[in-house]
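# Remarks on the overall topology
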Amino acid sequence: MTLLSAARMENSEAHLEERFARSLVEPHELSRQLVALHGARIVSKLAGHNDPKIAYRWSRPNGPVPGDEALRRLYSAHRIWLEVRGPRTHDQAVAWFVAPHPQLSDQQPLQLMVEDRFSEVAAAVAIVPQLPLRRSGSHSSARVAVGPITARWHESSLVPIREVATALTNRFGARTTAAIAAEDNPKIAYRWVRNEGRPPSGEAARRLYAMYRVIGALEEFVTEPVARAWFLAANPSLSERSPLDAAREGHFQSIARAADQFLLALYRARSPR
């Protein structure tokens, strides 16, 4: 190990220790911060409780203190938040927890934390560094691997969910966007765009983020009309279905693999022989 790499490792470990120390706040403040981030219902579930009001009571200065097991889980959730928040904006960090993560089999980190799978989520916090393909209109190129492309897909989804719904509606229309989110009423997409009512959450948010992630990857390297054509065309990697049809049926991992194959083929075609 070189002196430079050793220094970098030491610096990284120092940052982790600093965030660990910052996570060790007193229990009432711990609960208050987590409720402000995720809401009381989710925080109660993170702690292993079904009563959504218990997190509110923990947040009060004179309220009850969570038990040992609940505290273990809440401190884990808080430490992961600090690690995710570190290099990102607040909105990106919030989105990170609800967007499907490719290193977690396209599951939502927040849902895995509710299931007490904190170690898996913590291992996925460090995103693989991005290695770009040749960008559309550019003459530069770089080596590419599946891991970095997948990482880019995830990072492209770190935007507020209403912006995701708006982008999909602008590209595909309200009816298709609602179908992608598994919603029967197409008007709900209009409400998301107009910032009316509750934003997409749960399964709807997972599906919208999964689709938006692929859009972000494609439009990084091809023009928007080409990307739109890719979503509409029958795709041999999807049994001659279009990616949009596959999205309506919820086959987002298959769509991601098809996009991955397309981008790798594009890279090989553009690379000098």
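Residues numbered from 1 in each chain as written. Predicted model: local features only at pLDDT ≥ 70, side-chain atom pairs only at ≥ 80, totals over all residues. Heavy atoms only, no water.

### Re the overall build of the protein
When helices and strands are counted, the protein shows 16 helices and zero strands. When contacts within the protein are restricted to residue pairs at least 6 apart in sequence, those whose partners lie at least 24 apart make up 63%. (Helix = DSSP H or I, 4+ residues; strand = E, 2+ residues; numbered from the N terminus. Contact = heavy atoms within 4.5 Å.)

### So, helix 16 (residues 252–270)
If you check helix 16, its first and last C-alpha atoms are 27 Å apart, about what 19 residues at 1.5 Å a residue would give, namely 27 Å. Along helix 16, the residues that are buried comprise Phe252, Ile255, Ala256, Ala258, Ala259, Asp260, Leu263, Leu264 and Leu266. (Expected span 1.5 Å × (residues − 1). Buried < 20%, exposed > 50% of the residue type's maximum accessible area, 1.4 Å probe, protein only.)

### A closer look at the confidence of the model for the protein
Parts of the model with low pLDDT should not have their predicted coordinates read in detail. Model confidence for the protein is summarised by a mean pLDDT of 81, while 79% of its residues fall at 70 or above. When pLDDT is averaged over each helix and strand of the protein, the minimum, 50, is found for helix 1 (residues 3–22) and the maximum, 95, for helix 11 (residues 174–180). For residues 1–12, every residue scores under 50 in pLDDT, and the model assigns this stretch two contacts once sequence neighbours within four places are set aside. Scored below 50 in pLDDT, residues 128–148 shows 43 contacts in the model against residues more than four places distant or in partner chains. (pLDDT = per-residue confidence, 0-100.)

### Some words on the environment of Arg162
Here Arg162 is to be found in helix 10 (residues 161–172). Between the alpha carbons of Arg162 and Ala189 there is a distance of 9.6 Å; along the sequence they are 27 residues apart. Ignoring sequence-local partners within four residues, the contact set of Arg162 consists of Arg191, Trp192, Asn195, Glu196, Gly197, Arg198 and Pro199.

### Overview of the environment of Ser201
By secondary structure assignment, the location of Ser201 is in the loop between helix 12 (187–193) and helix 13 (202–221). Exposure remark for Ser201: the relative accessible area of 46% places this residue in the partly exposed category. Through-space distance from the C-alpha of Ser201 to that of Ile161 is 8.3 Å; in sequence the pair is 40 residues apart.

### Things to note about the packing of helix 10 against helix 13
Contact geometry for helix 10 and helix 13: axes closest at 10 Å, N-to-C directions at 65°. Every pair of crossing elements has a handedness; the one defined by helix 10 and helix 13 is left-handed. In this structure, helix 10 uses Ile161, Val164, Ala165, Ala167, Leu168, Arg171 and Phe172 to contact helix 13, whose residues at the interface are Ala205, Leu208, Tyr209, Met211, Tyr212, Ile215 and Glu219. Taken together, the residues that form the contact of helix 10 with helix 13 break down as 12 nonpolar, no polar and two charged. (Axes fitted to C-alpha atoms, helices over the stretch in contact; angles between N-to-C directions. Left-handed = near helix turned anticlockwise from the far one by under 90°. Nonpolar A, V, L, I, M, F, W, Y, C, P; charged D, E, K, R; others polar.)

### Observations concerning the pattern of salt bridges
The full count for this structure, using the stated rule, is 11 salt bridges. Put simply, Arg213 and Asp106 hold a salt bridge, and the shortest N to O gap is 3.0 Å. Residue Arg213 is located in helix 13, and its partner Asp106 is located in the loop between helix 6 (90–98) and helix 7 (109–114); the two are separated by 107 residues in the primary sequence. Looking at Asp106, the relative accessible area reads 9%, which means it is buried. Across the pair Arg117 and Glu120 runs a salt bridge whose closest N-O atoms are separated by 2.9 Å. Arg117 gets classed as partly exposed once you look at its relative accessible area, which sits at 26%. It is possible to trace a salt-bridge network through shared partners that takes in Glu69, Arg72 and Asp116. (Salt bridge = Lys/Arg side-chain N within 4 Å of Asp/Glu carboxyl O.)

### Here we look at the packing of helix 2 (residues 27–38) against helix 5 (residues 68–85)
For the pair helix 2 and helix 5, the least separation of the axes is 10 Å and the interaxial angle reads 55°. Considering the angle they form, helix 2 stands oblique to helix 5. In this structure, the crossing between helix 2 and helix 5 has a hand that is left-handed. The residues of helix 5 that touch helix 2, namely those facing Pro27, Leu30, Ser31, Gln33, Leu34 and Leu37, are Leu71, Leu74, Tyr75, Ala77, His78 and Trp81. (Parallel < 35°, antiparallel > 145°, perpendicular 65-115°, else oblique.)

### Examining the nonpolar core
With 76 residues, the main nonpolar core has Leu208, Met211 and Phe231 as its most contacted residues. Of the residues forming this core, the biggest block, 12 residues, is contributed by helix 13. For Phe231, the residues in contact, after removing those within four places along its chain, are Phe172, Met211, Val214, Ile215, Leu218, Ser242, Pro243 and Leu244. (Core = buried A, V, L, I, M, F, W, Y, C linked by side-chain atoms within 4.5 Å.)

### Topic: the packing of aromatic side chains
Describing an aromatic ring pair means giving the distance of the ring centres and the angle of the ring planes. Counted according to the given criterion, the structure contains five aromatic pairs. Their ring planes at 25° and their centres at 5.9 Å tell us that Trp81 and Phe97 sit as a pair that is stacked. With Trp81 in helix 5 and Phe97 in helix 6, this residue pair connects regions lying 16 residues apart in the sequence. With respect to burial, Trp81 and Phe97 carry one shared label: buried. (Phe/Tyr/Trp six-rings, centres within 6.5 Å; stacked < 30°, edge-to-face > 60°.)

### A word on helix 14 (residues 224–232)
For helix 14, every residue scored as buried is listed here: Ala227, Trp230 and Phe231. Along the axis of helix 14, the buried residues cluster in a sector spanning 95°; they form a single face. (Arc of directions from axis to C-beta.)

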